[in-house]
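Structural overview for review
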Amino acid sequence: MLNTAALGERVGWLTTLVESMAAGVIGGHWSRTELTQLASGVGPSGERLPSNAWMALRTLGWTATVPEGLYVPDRVRRVAEEQAGRVLRSAEWRAAILDAVLTTWPAGADPMKRSEEEWAALRAACPQGTAAPASVFRSRTRQVLRFTTAHRRLPLGLCELEAAPGGGHQVVLAAADKQLATLVRCEDEPARYAVLTVRLPVRPDPRTRSDWRPVRIRFRLPPTIDATAALHAPTLRLRGGRLRLDLAHTTGVPKTLRSGHGRAVAFDYGLNTLLTGGTLTLTGGVQPAVLTDGQPVFLRMDGVLAKADRLRIHAEHLWTKAAHLECLLDGQRVLGRCPDTLTAAKLAVLRTEHARVSKRRQRLNAEIAKAAARFMVDHARGWGASVIYLEDLRDMEARGKGRTLNTRLSSSVRGQIVADVRHQAARHGIAVVIVPARGTSKYCPRCLTAFRHHTAPDNTRAGWKWATCPNTRCGYSADRDVAAWQRIGARGLQHQHLTVLDRTTGTYLIRRTVQELDRPVQHPKPTHPAPPVSGPQNSSADRTKEGPTRDRPVPRQRRRVPAPPATPASTGPGGKRPAGRPPQQPTHRTQRRRGRQAPHTMSTPNRHQPTGTRLGAGFHLHTHATPPKQRARRNPRLFSHRAEHPAPPRKT
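Described in the following lines is the structure provided in the data block. Being a predicted model, the structure only gives us computed values, none of them experimental.

A word on the overall build of the protein chain. Secondary structure assignment for the protein chain yields 12 helices and 22 strands. Relative to its 652 residues, the protein chain shows a buried fraction of 40%. For the protein chain, contacts bridging at least 24 residues in sequence account for 65% of all contacts bridging at least 6. Looking at the protein chain as shown, the accessible area adds up to about 37,700 Å², and 52% of this sits on carbon and sulfur atoms.

Written out as structure tokens, the structure reads:
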């Protein structure tokens, strides 16, 4: 039996061996010609390269070299070659992007301010350039500018701009067979535990075959893995001296549909309100229309986002202090002095603290993404929708909104949210489609007239929070995000025949839209049931006065009890009429007073500091979500829910 420390030590020895061999393969073939040859999928003699990376490298003769004097099994060499092949294959895409940027580099102009013609030429020079987001081209442009500033010339390619990457601190057991690792479920508790048997070295420099011995690792399966799922070989990682397993599994799920959707849910990203969405239905006929009830759902994470913002500011302060101390130490080295030990110790402490804060930010962002994905999938299942429409914000770069707001917008986790919602929705056969975001917040969903954006419904000052339609026949007024999700869902349903599958990411996309297909979203008026008749025969009827009072008195609802006669104690001519029944709460939803179109109709807050965030409350205490339809009672512990329109208590 091995304890946690001994197991982590042995896995660390294996990781070091695999990483050193993989780095040797990558560094020995880090050239543009060899990257192109591997990515082409064709060998020197014209034969087709295998799909497995380690087999493709061996076909080309790019094998890993075992350190002299050590004994490493051939299966471990496979793992090293697999990791090296994956790194080299992924570098080809970056190299193609960089080649397109260098080929279309504007002469004598600012490359960060390309014209429309220059952008078109850049995308045409890059393979699959229309699918690549603009932020990728901008980041590569900044990288080239830094190289140009340092060397006074343009780089020749990716292999000169970037150094050869390493093999990664991991062990990919998917490239090995049963002689190196086996994975089975436990016989006593197959739904909760599994056993991994892997051969590990007993010393950091194994010399003989006997230095590799099998070790049985019993671990708990996460609750997200079903009992019927097929388990695959995991990837071993070391984090803080403890072993982590990236376990892949396969579960049979319904097939997602690319088109043919009749009901959908759509969501729009926000700043303080993370997600705003609702449901839409596509009618049949020759000219189908999109219907919606206009009742939005919200996911608010004000406290969590405020905490993430505080962690970001803390990390920036630590990084600034560490950079200042590093400059001081560099200056002492330049002058030929011995670096101050106290300053070096402070620098080490700051770097350690910065790494801890960064890990906290990563964990918090992961929790935000998982909660948002669960929120969207549960609402889609509750409404019976077969597709979730989201907007494409990969090209979004926060500019012109101030330093603080730009940073907050750029620090969002939209990409991780999309990845998590795709993973969770696939289990239920729900498709996730990304639609173009251009114009979703600009036009009215009811009449497609350009909005007028201002600060709040009671403040006409120019802003971005509230939207009002200038069309007098429409007069639609709503929150910017409430109007945007209706446009996103309508665009997705009306253009679903243009949905394509992106082979690189496995995501459904709508890359282009047709203006003639954009039609207004219809809001059918709900039919309210007639209120119950109150009178002597129905003493428990609802007599609330929260609705409009009728113009004429209704028969059998007048008070038939006469006023009591005057008494000596009374000052007037007679007594008062009886007060009648005590006030009752509404028993029908339609009798309650209608609220505003969106519950958050206040202006934009000046401080991103919700009440209670400094009290150290937990994650879910600062996550307020609209309960999913038909599912809130089944799983009440999903979120710390706070209903946007809470139902009044019934009288018993």
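Let's pick the thread back up.
Attention now goes to a positive patch on the surface. Together, R239, K307, R356, K359, R360 and R363 give the surface a local cluster of positive charge. Residue contributions to the positive patch peak at 4 residues, all from helix α9 (residues 341-383). Note that R363 resides in helix α9.

Direction vectors running N to C along helix α5 (residues 116-125) and helix α6 (residues 134-151) enclose 95 degrees, while the axes themselves pass 12 Å from each other. As far as their axial angle goes, α6 and α5 are roughly perpendicular. Contacts from W119, L122 and R123 in α5 reach A134, F137 and R138 in α6. Of the residues that constitute the contact of α5 with α6, the class distribution is 4 nonpolar, no polar and 2 charged.

What follows covers α9. Counted at 1.5 Å a residue, the expected span for α9 with its 43 residues is 63 Å, and the 64 Å between its end C-alpha atoms agrees. Its side-chain oxygen 3.3 Å from the backbone nitrogen of L342, D340 forms the N-cap of α9. G384, located one to two residues past α9, shows a positive phi value of around 75 degrees.

This paragraph deals with the sheet that holds strand β18 (residues 477-479). As summarised here, the arrangement of the 4 strands in space is β16-β15-β17-β18, forming an open sheet in which the pairing is antiparallel. The strands lining the two open edges of the sheet, one partner per strand, are β16 (459-462) and β18. Geometrically, the sheet is characterised by an average inter-axis angle of 45 degrees between neighbouring strands, direction not taken into account. When strand β15 (residues 452-456) meets strand β17 (residues 466-468), the two strands line up antiparallel, connected through 3 bridges. When the sheet's bridge partners are listed, H453 is paired in β17 with A467. In this fold helix α12 (residues 480-494) packs onto β15, β17 and β18, with an angle of close to 95 degrees to the strand it touches most, β18.

Among all positions in helix α2 (residues 32-40), only E34, L35 and L38 are buried. The buried residues of α2 occupy an angular sector of 105 degrees when the element is viewed end-on, so they sit on one face. Packing partners of the buried residues in α2 comprise α1 (4-28), α3 (53-60), α4 (74-103) and α7 (158-161). Remark: G41 follows α2 within two positions and exhibits a positive phi of approximately 80 degrees.

Thresholds applied
- Within any chain, residue numbers begin from 1 and follow the written order of that chain's sequence.
- The predicted origin of the model limits local features to residues at a pLDDT of at least 70 and limits the giving and counting of side-chain atom pairs to 80 or more, whereas totals for whole chains, interfaces and linings rest on all residues.
- With hydrogens and water stripped out, all remaining heavy atoms of the structure feed into the side-chain values.
- Numbered from the N terminus, helices here are DSSP runs of H or I no shorter than four residues, and strands are runs of E no shorter than two.
- Per-residue accessibility, obtained with a 1.4 Å probe over protein chains only, is compared with the maximum for each type, and a residue is labelled buried under 20%, exposed over 50%, and partly exposed between these values.
- We call two residues in contact when some of their heavy atoms are within 4.5 Å.
- Residue-level accessible areas treat just the shown protein chains as cover; the underlying method is Shrake-Rupley with a 1.4 Å probe.
- Each patch is built from residues lacking any salt bridge and having more than 30% relative accessible area; the joining distance is 9 Å for like charges and 5 Å for nonpolar side chains (Val, Leu, Ile, Met, Phe, Trp, Tyr).
- When a carboxyl oxygen of Asp or Glu lies within 4 Å of a side-chain nitrogen of Lys or Arg, that pair is called a salt bridge.
- When charges are tallied, Lys and Arg are placed among the positive residues and Asp and Glu among the negative ones, while His and the ends of the chain are skipped.
- For the purpose of locating charges, the reference atoms are NZ of Lys, CZ of Arg, CG of Asp and CD of Glu.
- In this analysis, axes come from line fits to C-alpha atoms, helices being fitted only over the stretch in contact, and the angle between any two N-to-C directions falls in the range 0 to 180 degrees.
- In what follows, roughly perpendicular refers to angles from 65 to 115 degrees, roughly parallel to angles under 35, roughly antiparallel to angles over 145, and oblique to any angle outside these ranges.
- Gly is put with the polar residues, along with every residue not named as nonpolar or charged; the nonpolar set is Ala, Val, Leu, Ile, Met, Phe, Trp, Tyr, Cys and Pro, and the charged set is Asp, Glu, Lys and Arg.
- One less than the residue count of a helix, multiplied by 1.5 Å, gives the span that helix is expected to have.
- Distance and chemistry together define a polar contact, namely a pair of N or O atoms within 3.5 Å, with one atom able to donate a hydrogen and the other to accept it when in protein, and with adjacent residues in sequence counting only for side-chain atoms on both sides.
- Strand pairing requires that DSSP identify at least two bridges connecting the strands.
- The directions from the helix axis to the C-beta atoms are what the arc is built from.

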